[in-house]
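# Structure assessment
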Amino acid sequence: MADEPIMDGLRAQAERILRGNDVGEFTKPGPRQYPHQWNWDAALIALGLAHFDLPRALTEIRALLRGQWRDGMVPHILYHTGPSDYFPEPDFWQITTSPNAPALATSGLTQPPVLATVVRMIHARTPIHEFVRQVYPGLLRWHRWLHTARAIEGTALACIIHPWESGTDDSPRWLRAMDDIIPRELPPYRRRDTVHVPDAERPSDVDYERFVYLIDVFRQNRYEAARLLACSPFLVQDVMFNAILYRADQDLSALAHELGEPTDEIAAWLNSVRANFNARFWDDARGLYMDYNVRAHAPICVNTCATFAPLWAGLASEQQAARLVVEHFDNPLEYAPNTNTRYRLPSTAKNERDYAPRRYWCGPVWINMNWMIAEGLRRCGYDTRADLLVRDALALMQLSGLREYYDPRDGRGCGATDFGWSAALAIEMLSSKSIFGARF
Ligand code: 2M8
């Protein structure tokens, strides 16, 4: 049984963190490490804020859409308050070379499109018709851009051109895909991400060089979508990004229907993704979903928590869901606790070569992943497993505070402190009635 007074303490702490990171129109993901607005952080933060300050939640979303590019892209970082000690600084992106750049300083990349889903969730709880009407055109334009400017081979599956677009930046799946990328010439830059967080919990220098090299390629090509598809050394179809997009298309379609807007275009994207998703990503021999390296014309055979994202989208069949759960989620060599690890869900399978329990996306538990995969498990009828993920997420936050990620062995907090989406999703999980009662 959940200990409700302690949970109240966690909720109060989470609200304090969201208030503390609030800069007026946007919320910093981390007060020192991440002092700007990030795309999927903003969406998840809005979901948490909506539980106690709905107007502020809507402000967060409006601020994010203010950075939308003329071609529809919603960027991954928005520098509302100008430069800080964060690298890349706004000028490093050189976005003004693109005719599509907005007036606001932003990055030149995007991030997982979870926003339409969040808008629909908030609206389902407290109707916000006028707001939905205002933001719908921007959401539609973003999804259209993803399904066209980022699509190849005549399907609506989206490509990403930089690991940062996946949100799981140095996941071993990208480290593997970046093996062949040899930076030719690097622009001068200075890493700042290891000022506030120990080196061992952040990407290696070699990986960081590749991140920077890719940005340099994109700015030299003035962010022209067709050129980037043609020349980006990193071109990948990310299983989690596409699962999030598919789910967001479903939510966008529901919003369109309610607004009396046409839904045919969205239905065509949904049909195309549904028709191609499993053929592209499902590895029947291993019973796992794998990303696809478009440049190498080959799947990226690395087992990470992204494999569970199709559950969130309703893209896995009953048999596929059962294999993911029984062969992998429950497997102590991969994701389930064993004598070395107490907490679910390691972000990389523990038997992967590059698994590292304290390094960024290489192994630690992330609260957003636990939440999203729990929702997916519930959607597929695996409520007991979903409860395990929620229970562990809440236990970790109580044990070690609202950190960016956690060591699955002992629950120690890593990365940024007072982390925004951990706080927001603590509130979301605590507010969902299903977590209280007999199951705990
Ligand atoms: C991390 O990414 C940024 C670059 O975008 C960084 O490491 O500096 C990722 O975890 C990403 O998913 C997240 O949105 C961002 C802010 O929390 O931090």
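Going by the structure above, here's the rest.
Residues numbered from 1 in each chain as written. Predicted model: local features only at pLDDT ≥ 70, side-chain atom pairs only at ≥ 80, totals over all residues. Heavy atoms only, no water.

### Quick word on empty space enclosed by the protein
- As enumerated under the stated definition, the model contains 3 cavities of 30 Å³ or more in all.
- Size it by volume and the largest cavity reaches roughly 230 Å³.
- Taken together, 21 residues make up the lining of the largest cavity; nearest its centre are Tyr 34, Trp 38, Gln 111, Asp 169 and Tyr 360.
- The residue inventory of the lining of the largest cavity, partitioned by class, reads 13 nonpolar, 3 polar and 5 charged.
- By volume, the second largest cavity is sized at about 80 Å³.
- Lining of the second largest cavity is provided by Trp 69, Asp 71, Met 73, Gly 108, Trp 145, Arg 150, Tyr 223, Ala 225 and Leu 228. (1 Å grid on protein atoms, 1.4 Å probe; cavity = no way out; pocket = protein on both sides within 12 Å on 5 of 7 lines; lining within 4 Å. Points joined across faces, edges and corners; volume = space filled by probe spheres on them. Nonpolar A, V, L, I, M, F, W, Y, C, P; charged D, E, K, R; others polar.)

### Quick word on the packing of aromatic side chains
- Within the structure shown, the criterion is met by 26 aromatic pairs.
- Considering the side-chain rings of Phe 308 and Phe 329, the 6.0 Å spacing of their centres and the 90° angle between planes classify their relative orientation as edge-to-face. One end of the pair, Phe 308, is in the loop between strand S7 (298-300) and helix H13 (309-313); the other, Phe 329, is in helix H14 (residues 318-329), with 21 residues separating them in the sequence.
- Take Phe 308: its relative accessible area is 1%, and that puts it in the buried class.
- Ring plane angle 75° and centroid distance 5.1 Å describe the contact between Phe 308 and Tyr 335, whose orientation is recorded as edge-to-face. Highlighted residues: Phe 308 in the loop between S7 and H13 and Tyr 335 in the loop between H14 and helix H15 (367-379), separated in sequence by 27 residues.
- Residue classification places Tyr 335 among the buried positions, given a relative accessible area of 0%. (Phe/Tyr/Trp six-rings, centres within 6.5 Å; stacked < 30°, edge-to-face > 60°. Helix = DSSP H or I, 4+ residues; strand = E, 2+ residues; numbered from the N terminus. Buried < 20%, exposed > 50% of the residue type's maximum accessible area, 1.4 Å probe, protein only.)

### A closer look at the sheet that holds S7
- Reading across from one edge, S3-S6-S7 is the order of the 3 strands in this open sheet, with antiparallel pairing throughout. Unpaired on one side and paired on the other, strand S3 (236-237) and S7 mark the two borders of the sheet.
- In this sheet, S7 lies alongside strand S6 (residues 291-293) in antiparallel orientation, the contact comprising 3 bridges. Along S7, the bridge assignment pairs Asp 291 with Ile 300. (Pairing = 2+ DSSP bridges.)

### A word on unusual backbone geometry
- Cis geometry is found at the peptide bond from Phe 87 to Pro 88, where omega equals 0°.
- In this structure, Pro 88 sits in the loop between strand S2 (77-78) and helix H4 (115-125).
- With an omega of 0°, the peptide bond running from Arg 344 to Leu 345 counts as cis.
- Tracing the chain through its elements places Leu 345 in the loop between H14 and H15.
- A positive phi angle, near 35°, is found at Tyr 360, a position not held by glycine.
- On the secondary structure map, Tyr 360 appears in the loop between H14 and H15.

### Some words on the environment of Leu 78
- When you line up the elements, Leu 78 lands in strand S2.
- Overall, the relative accessible area of 0% leaves Leu 78 in the buried class.
- Distance from Leu 78 to Trp 174, taken between C-alpha atoms, is 24 Å for residues 96 residues apart in sequence.
- Dropping the residues within four chain positions of it, Leu 78 is found in contact with His 36, Gln 37, Ala 63, Leu 64, Gly 67, Leu 104, Ala 105 and Thr 106. (Contact = heavy atoms within 4.5 Å.)

### Digging into the side chain of Asp 169
- For Asp 169, the location among the structural elements is in the loop between helix H6 (163-166) and helix H7 (172-177).
- An unpaired buried charge is present at Asp 169: no salt bridge exists, and Arg 202, the closest side chain of opposite charge, is 5.9 Å distant.
- In this structure, Asp 169 is in contact with Pro 163, Trp 164, Trp 174, Phe 211, Tyr 360 and Trp 361, ignoring residues within four places of it in sequence. (Lys, Arg positive; Asp, Glu negative; His and termini not counted. Salt bridge = Lys/Arg side-chain N within 4 Å of Asp/Glu carboxyl O.)

### As for the site of the ligand
- Lining the immediate environment of the ligand, one finds 17 residues, of which Asp 41, Tyr 86, Gly 167, Asp 169 and Tyr 360 sit closest.
- Residue Gln 111 places a side-chain N or O atom 2.9 Å away from an oxygen atom belonging to the ligand.
- Backbone polar atom of Gly 167 to an oxygen atom of the ligand: 2.6 Å apart, as the coordinates give it.
- Burial of the ligand by the protein amounts to 99% of the accessible area it has alone, namely 420 Å².
- Among the residues making up the shell around the ligand, the classes are represented as 11 nonpolar, 3 polar and 3 charged. (Near = heavy atom within 4 Å. Polar contact = N/O pair within 3.5 Å; in protein donor to acceptor, adjacent residues only side chain to side chain. Areas by Shrake-Rupley, 256 points an atom, 1.4 Å probe, with all protein chains shown as cover.)

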